[in-house]
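So the chains spell out like this:
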Amino acid sequence: MSDVPDDANAGCPGTGSAGAGKASGCAGCPNQGSCATGQGPPPDADVPKIQDRFSRIKHKILILSGKGGVGKSTLTSNLARALASDPSKQVAILDVDICGPSQPRMMGVEDEEVHNSADGWTPVGIQPNLTLMSIAFLLGDKNDAVIWRGARKNGMIKQFLKDVDWGEVDYLLIDTPPGTSDEHISLVQFLLQAGPLDGALIVSTPQEVSLLDVRKEVSFCVKTKVPILGVVENMARFVCPNCAHTTLLFPTSTGGAEQMCKDSNLELLAQLPLEPALAKALDNGEDFFETNPDSTLAKSFLDLAEKVKAKLV
Ligand SMILES: Nc1ncnc2c1ncn2[C@@H]1O[C@H](COP(=O)(O)OP(=O)(O)OP(=O)(O)O)[C@@H](O)[C@H]1O
């Protein structure tokens, strides 16, 4: 993992490198003295705050995808609802998809505002045991963050991790931006400083381009030492509501997610069909479990929730 701090000067050689404190990029850096003497930068004062916030969260799960638009946010919101179908469990979603935060819309709370008190930001309540905190609530103009540089995005993520007052939570699902960018690395570094992560769920469609990117997510998890809970394949099939004929939407030449999981020794936890009723519910901010309680897809989300729970120790 990189040991270049988020707020480092351009040209920082890394706090643990032989050139630390001595490179031309170190000039003017407040850490130059301590890096040059081998002590590294002073400890990050925010880490204890993040640790404190996360100390009351039992399980933290990252939702990752290599590509945008494959259904990462869809999975996050519906898995959260499935986990929250057990009223004895407290579930929360953290939406850090800085450039496309879609949870407020999907959860039907787009117009809500988060409240800031002496205890921090209070997440928005979806139902008594399900809350949401999204970067969208804090952005003035939703297009602003698209042009932010890495340091600003990382600062926002850090602020999020240290300032949200989650209370007691059993399952926290973290909806991330697509890819394996700097934001992911910072997010994972901050989270790991706050304690272990239970793991990541990787979402993919069966297209080769998407599966190729899954391999990048796998190597990201290996490098950052985040365990992989499994893979969810989304939008593989469409079942015609009239004649029940099943169409494979993306015929694959290499065996799709199933083969990729076998090859990479990963568990394929679910294969979710394309379901227009789901897209409609999410667009309208409705609860798919209420609009389509008897659907196969609602049952698939509930099964997935059971599998995920079984993987958490
Ligand atoms: N199984 C599905 N059936 C029908 N529509 C779906 C399904 N999965 C996702 N969608 C739709 O596809 C679109 C993209 O999904 P989503 O926003 O979850 O993807 P994403 O990977 O989170 O994208 P981004 O990377 O942009 O955040 C949404 O409109 C969603 O409603």
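The rules behind each value
- Residues numbered from 1 in each chain as written.
- Predicted model: local features only at pLDDT ≥ 70, side-chain atom pairs only at ≥ 80, totals over all residues.
- Heavy atoms only, no water.
- UniProt positions renumbered as here; feature names shortened; annotations may be inferred.
- Helix = DSSP H or I, 4+ residues; strand = E, 2+ residues; numbered from the N terminus.
- Salt bridge = Lys/Arg side-chain N within 4 Å of Asp/Glu carboxyl O.
- Buried < 20%, exposed > 50% of the residue type's maximum accessible area, 1.4 Å probe, protein only.
- 1 Å grid on protein atoms, 1.4 Å probe; cavity = no way out; pocket = protein on both sides within 12 Å on 5 of 7 lines; lining within 4 Å.
- Points joined across faces, edges and corners; volume = space filled by probe spheres on them.
- Disulfide = S-S within 2.5 Å.
- Nonpolar A, V, L, I, M, F, W, Y, C, P; charged D, E, K, R; others polar.
- Contact = heavy atoms within 4.5 Å.
- Pairing = 2+ DSSP bridges.
- Near = heavy atom within 4 Å.
- Polar contact = N/O pair within 3.5 Å; in protein donor to acceptor, adjacent residues only side chain to side chain.
- Expected span 1.5 Å × (residues − 1).
- Axes fitted to C-alpha atoms, helices over the stretch in contact; angles between N-to-C directions.
- Parallel < 35°, antiparallel > 145°, perpendicular 65-115°, else oblique.
- Left-handed = near helix turned anticlockwise from the far one by under 90°.

Quick notes on the UniProt feature "binding site: [4Fe-4S] cluster 2" in the chain
- The feature "binding site: [4Fe-4S] cluster 2", as annotated in UniProt, sits at C240 and C243 in this numbering.
- Note on placement: C240 falls in the loop between β9 (228–239) and β10 (246–248).
- With respect to the helices, strands and loops of the structure, C243 is situated in the loop between β9 and β10.

Structural notes on the pattern of salt bridges
- Applying the stated rule across the entire model yields 14 salt bridges.
- Salt-bridge contacts for R56 lead to E168; the nearest nitrogen and oxygen are separated by 3.8 Å. Here the residue R56 occupies a position in the loop between α2 (46–54) and β1 (57–65), and E168 occupies one in the loop between α5 (150–163) and β7 (169–175), the gap between them amounting to 112 residues.
- Under the relative-accessibility criterion, R56 is labelled partly exposed at 38%.
- Through salt bridges with shared partners, a single ionic network connects R53, R56, D165 and E168.

Some details on unusual backbone geometry
- Positive phi values are uncommon outside glycine, yet K225 reaches one of about 60°.
- With respect to the helices and strands, K225 occurs in the loop between α7 (208–224) and β9.
- If you check the backbone angles, M235 has positive phi at about 60° while not being a glycine.
- Tracing the sequence through the fold places M235 in strand β9.

Comments concerning the layout of surface pockets
- Here the second largest pocket is characterised by a volume of approximately 260 Å³.
- Every element with two or more residues in the lining of the second largest pocket is listed here: α4 (103–106), β9, β11 (268–274) and α9 (276–283).
- No other element matches the five residues that α9 contributes to the lining of the second largest pocket.

Details of the state of the cysteines
- On inspection of all chains with the given rule, the structure shows zero disulfides.
- With no disulfide of its own, C26 has C12 as its nearest cysteine by sulfur position, at a separation of 6.2 Å.
- C221 carries a free sulfur, and the closest cysteine sulfur to it, the one in C261, is 13 Å from it.
- The class of C221 is buried, set by a relative accessible area of 1%.

Brief notes about empty space enclosed by the protein
- For the structure shown, the criterion picks out two cavities of 30 Å³ or more.
- Estimated volume of the largest cavity: approximately 120 Å³.
- Around the largest cavity sit 15 residues that line it, and C12, C26, C29, N31 and C35 are the ones nearest its centre.
- Its residues assigned to classes, the lining of the largest cavity shows eight nonpolar, seven polar and no charged.

Focus on the side chain of K158
- On the secondary structure map, K158 appears in helix α5.
- Assessed through its relative accessible area of 15%, K158 is described here as buried.
- With residues up to four places along the chain from it excluded, the contact list for K158 reads D44, D46, I50 and F190.

What about the pairing of strand β6 (residues 130–134)?
- Counting buried residues along β6, five of its five residues qualify, which places the element largely inside the surrounding structure.
- Residues of β6 alternate between two faces, with L130, L132 and S134 on one and T131 and M133 on the opposite face, all of them buried.
- Examined bridge by bridge, strand β5 (residues 124–127) and β6 share three bridges and lie antiparallel to one another. What sits directly across from Q127, in β6, is L130.

Considering the site of the ligand
- Taken together, the neighbourhood of the ligand is formed by 18 residues, with S73, T74, D97, N234 and E275 sitting nearest.
- T74 is positioned with one of its side-chain polar atoms (N or O) 2.5 Å from an oxygen atom of the ligand.
- Here N234 contributes a side-chain N or O atom positioned 2.9 Å from a nitrogen atom of the ligand.
- Elements with a contribution of two residues or more to the shell around the ligand: α3 (72–83), β9, β11 and α9.
- Of the residues belonging to the shell around the ligand, the class tally is nine nonpolar, six polar and three charged.

Side note on α3
- Under the 1.5 Å per step criterion, the end-to-end length of α3 is 16 Å for 12 residues, consistent within 8% with the ideal 16 Å.
- Of all 12 residues in α3, 12 are buried, a share of seventy percent or more.
- Every buried residue belonging to α3 is among K72, S73, T74, L75, T76, S77, N78, L79, A80, R81, A82 and L83, and all of these are buried.

Structural notes on the packing of α7 against helix α8 (residues 256–264)
- Closest axis-to-axis distance for the α7/α8 pair is 10 Å, and the angle between their directions is 25°. By the angle between their directions, the pair α7 and α8 is classed as roughly parallel. At the point where α7 passes α8, the crossing takes the right-handed sense. Across from L211, V214 and R215 in α7, the residues of α8 making contact are G256, A257 and M260.
- Here the contact of α7 with α8 is composed, by residue class, of four nonpolar, one polar and one charged.

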